[in-house]
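Listed here are the chains, written in short residue letters.
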Amino acid sequence: MSAEDGPPAGLGRWTGFLLAWVAGIAEQSYTQALAGIGLKPLQLGVLSLLLDGGPTVQARLSERLGVFKPVMVTLINELEAMGLVQRRPHPSDRRAVEVHLLGAGVERIEQAELVSERATAQFLTELTAQERQNFHELLAKLARRGTTSVPDEGTTS
(Lines give C-alpha, C1' and ligand atoms only; values in the text may rest on other atoms or scores of the structure.)
Protein backbone atom coordinates (compact mmCIF):
# COMPACT_ATOMS: atom_id res chain seq x y z
CA MET A 1 0.00 0.00 0.00
CA SER A 2 1.61 3.21 -1.13
CA ALA A 3 0.20 6.63 -0.40
CA GLU A 4 2.02 8.10 -3.40
CA ASP A 5 0.41 5.75 -5.89
CA GLY A 6 -3.14 5.99 -4.56
CA PRO A 7 -5.55 3.09 -4.61
CA PRO A 8 -5.53 0.59 -7.47
CA ALA A 9 -7.36 1.82 -10.58
CA GLY A 10 -11.09 1.28 -10.46
CA LEU A 11 -11.28 0.70 -6.72
CA GLY A 12 -11.48 4.38 -5.83
CA ARG A 13 -15.15 4.46 -6.79
CA TRP A 14 -16.16 2.70 -3.57
CA THR A 15 -16.29 4.82 -0.44
CA GLY A 16 -15.74 1.80 1.79
CA PHE A 17 -12.62 0.81 -0.08
CA LEU A 18 -11.26 4.35 0.01
CA LEU A 19 -11.96 4.56 3.72
CA ALA A 20 -10.13 1.28 4.36
CA TRP A 21 -7.24 2.38 2.11
CA VAL A 22 -6.81 5.74 3.81
CA ALA A 23 -7.22 4.18 7.27
CA GLY A 24 -4.42 1.73 6.52
CA ILE A 25 -2.07 4.48 5.41
CA ALA A 26 -3.05 6.64 8.40
CA GLU A 27 -2.43 3.75 10.78
CA GLN A 28 1.05 3.17 9.38
CA SER A 29 1.88 6.86 9.58
CA TYR A 30 0.53 7.29 13.11
CA THR A 31 2.23 4.13 14.36
CA GLN A 32 5.57 5.39 13.02
CA ALA A 33 5.05 8.80 14.63
CA LEU A 34 4.26 7.31 18.05
CA ALA A 35 7.20 4.91 17.79
CA GLY A 36 9.40 7.99 18.02
CA ILE A 37 8.30 8.39 21.66
CA GLY A 38 8.26 4.65 22.36
CA LEU A 39 4.52 4.05 22.17
CA LYS A 40 2.05 2.08 20.08
CA PRO A 41 -1.45 3.44 19.37
CA LEU A 42 -3.19 0.96 21.70
CA GLN A 43 -0.72 1.75 24.48
CA LEU A 44 -1.59 5.42 24.11
CA GLY A 45 -5.25 4.42 24.23
CA VAL A 46 -4.73 2.72 27.59
CA LEU A 47 -2.83 5.71 28.98
CA SER A 48 -5.53 8.11 27.79
CA LEU A 49 -8.33 6.04 29.31
CA LEU A 50 -6.49 6.04 32.63
CA LEU A 51 -5.90 9.78 32.46
CA ASP A 52 -9.58 10.44 31.75
CA GLY A 53 -11.12 7.83 34.03
CA GLY A 54 -8.62 7.27 36.80
CA PRO A 55 -7.56 3.83 38.03
CA THR A 56 -9.43 1.13 36.12
CA VAL A 57 -9.58 -2.65 36.18
CA GLN A 58 -7.99 -4.40 33.21
CA ALA A 59 -11.26 -5.95 32.04
CA ARG A 60 -12.88 -2.52 31.77
CA LEU A 61 -9.91 -1.16 29.81
CA SER A 62 -10.23 -4.13 27.47
CA GLU A 63 -13.93 -3.40 26.92
CA ARG A 64 -13.37 0.32 26.35
CA LEU A 65 -10.63 -0.22 23.76
CA GLY A 66 -12.36 -3.18 22.15
CA VAL A 67 -9.41 -5.55 22.51
CA PHE A 68 -9.31 -9.11 23.78
CA LYS A 69 -8.29 -9.54 27.41
CA PRO A 70 -5.00 -11.33 26.58
CA VAL A 71 -4.05 -8.37 24.36
CA MET A 72 -4.80 -6.00 27.23
CA VAL A 73 -2.60 -8.05 29.57
CA THR A 74 0.26 -7.67 27.08
CA LEU A 75 -0.36 -3.93 26.74
CA ILE A 76 -0.38 -3.44 30.53
CA ASN A 77 2.77 -5.57 30.88
CA GLU A 78 4.54 -3.39 28.32
CA LEU A 79 3.38 -0.13 29.91
CA GLU A 80 4.33 -1.37 33.36
CA ALA A 81 7.80 -2.36 32.12
CA MET A 82 8.21 1.20 30.78
CA GLY A 83 7.26 2.63 34.18
CA LEU A 84 4.13 4.34 32.83
CA VAL A 85 1.47 2.40 34.75
CA GLN A 86 1.27 0.23 37.83
CA ARG A 87 -1.04 -2.60 38.81
CA ARG A 88 -2.46 -2.40 42.34
CA PRO A 89 -5.01 -4.48 44.24
CA HIS A 90 -8.57 -3.18 43.89
CA PRO A 91 -9.60 -1.46 47.15
CA SER A 92 -12.89 -3.37 47.53
CA ASP A 93 -12.61 -6.48 45.33
CA ARG A 94 -9.81 -8.88 46.26
CA ARG A 95 -10.05 -10.67 42.92
CA ALA A 96 -9.59 -7.52 40.84
CA VAL A 97 -6.49 -5.54 39.98
CA GLU A 98 -6.59 -1.87 39.08
CA VAL A 99 -4.25 -0.19 36.65
CA HIS A 100 -2.95 3.21 37.79
CA LEU A 101 -1.38 5.88 35.62
CA LEU A 102 2.01 7.04 36.90
CA GLY A 103 3.61 10.46 36.49
CA ALA A 104 5.82 9.18 33.68
CA GLY A 105 2.66 8.03 31.89
CA VAL A 106 1.18 11.52 32.11
CA GLU A 107 4.41 12.94 30.66
CA ARG A 108 4.28 10.42 27.80
CA ILE A 109 0.69 11.45 27.03
CA GLU A 110 1.84 15.07 26.85
CA GLN A 111 4.55 14.05 24.38
CA ALA A 112 1.98 12.08 22.40
CA GLU A 113 -0.25 15.16 22.14
CA LEU A 114 2.49 17.04 20.30
CA VAL A 115 3.42 14.06 18.14
CA SER A 116 -0.24 13.45 17.29
CA GLU A 117 -0.81 17.06 16.28
CA ARG A 118 2.23 17.03 13.99
CA ALA A 119 1.42 13.63 12.49
CA THR A 120 -2.19 14.61 11.84
CA ALA A 121 -1.21 17.93 10.26
CA GLN A 122 1.30 16.17 8.03
CA PHE A 123 -1.14 13.44 7.03
CA LEU A 124 -3.93 15.91 6.23
CA THR A 125 -1.82 18.46 4.32
CA GLU A 126 -4.11 18.11 1.27
CA LEU A 127 -7.05 19.49 3.29
CA THR A 128 -7.79 23.07 4.28
CA ALA A 129 -8.17 23.92 7.96
CA GLN A 130 -11.97 23.86 7.59
CA GLU A 131 -11.86 20.53 5.75
CA ARG A 132 -9.69 19.08 8.54
CA GLN A 133 -12.20 20.22 11.15
CA ASN A 134 -15.12 18.81 9.13
CA PHE A 135 -13.26 15.55 8.55
CA HIS A 136 -12.55 15.18 12.27
CA GLU A 137 -16.18 15.88 13.17
CA LEU A 138 -17.43 13.35 10.60
CA LEU A 139 -15.00 10.69 11.84
CA ALA A 140 -16.06 11.36 15.44
CA LYS A 141 -19.71 11.01 14.41
CA LEU A 142 -19.03 7.68 12.74
CA ALA A 143 -16.94 6.49 15.69
CA ARG A 144 -19.78 7.29 18.11
CA ARG A 145 -22.07 5.09 16.04
CA GLY A 146 -19.77 2.23 16.95
CA THR A 147 -21.28 -0.46 14.78
CA THR A 148 -19.61 -3.11 12.69
CA SER A 149 -22.77 -4.22 10.92
CA VAL A 150 -22.62 -5.11 7.25
CA PRO A 151 -24.91 -3.07 4.97
CA ASP A 152 -27.85 -4.72 3.27
CA GLU A 153 -27.45 -5.83 -0.33
CA GLY A 154 -28.13 -3.05 -2.76
CA THR A 155 -26.67 -0.36 -0.50
CA THR A 156 -24.19 1.80 -2.39
CA SER A 157 -20.76 3.12 -1.39
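Residues numbered from 1 in each chain as written. Predicted model: local features only at pLDDT ≥ 70, side-chain atom pairs only at ≥ 80, totals over all residues. Heavy atoms only, no water.

Counting its secondary structure elements, the chain contains six helices and three strands. Tracing the chain from N to C terminus, the helices and strands come up as α-α-β-α-α-β-β-α-α. Within the chain, residue pairs in contact and separated by at least 24 positions form 47% of the contacts whose partners lie at least 6 positions apart. For the chain, the accessible surface area stands at approximately 10900 Å², while carbon and sulfur atoms represent 55% of it. (Helix = DSSP H or I, 4+ residues; strand = E, 2+ residues; numbered from the N terminus. Contact = heavy atoms within 4.5 Å. Areas by Shrake-Rupley, 256 points an atom, 1.4 Å probe, with all protein chains shown as cover.)

A cluster of nonpolar side chains, contributed by Leu-19, Phe-135, Leu-139 and Leu-142, occupies part of the molecular surface with about 350 Å² of accessible area. For the nonpolar patch, the element with the highest residue contribution is helix α6 (residues 129-145), accounting for three residues. Relative to the helices and strands, Leu-19 resides in helix α1 (residues 15-35). For Leu-19, a relative accessible area of 48% puts it in the partly exposed group. (Patch = residues over 30% accessible without salt bridge, like charges linked within 9 Å, V, L, I, M, F, W, Y side chains within 5 Å. Salt bridge = Lys/Arg side-chain N within 4 Å of Asp/Glu carboxyl O. Buried < 20%, exposed > 50% of the residue type's maximum accessible area, 1.4 Å probe, protein only.)

Here the focus is helix α2 (residues 41-53). Each full turn of the α-helix corresponds to 3.6 residues, which orients residues three or four apart in the same direction. The end-to-end C-alpha separation of α2 is 18 Å, in line with the 18 Å expected for 13 residues at 1.5 Å each. Every buried residue of α2 is listed here: Gln-43, Leu-44, Gly-45, Val-46, Leu-47, Leu-49 and Leu-50. (Expected span 1.5 Å × (residues − 1).)

With that settled, the discussion passes to the nonpolar core. Leu-39, Val-46 and Leu-61 are the most contacted members of the largest nonpolar core, which totals 20 residues. Contributing elements (two or more residues each) for this core: α2, α4 (69-81) and α5 (103-123). Ranked by the residues each element gives to this core, the list is headed by α2, at five residues. Look past the residues within four positions of Leu-39 in its chain and what remains in contact with it is Leu-34, Leu-44, Leu-47, Leu-79, Met-82, Leu-84 and Arg-108. (Core = buried A, V, L, I, M, F, W, Y, C linked by side-chain atoms within 4.5 Å.)

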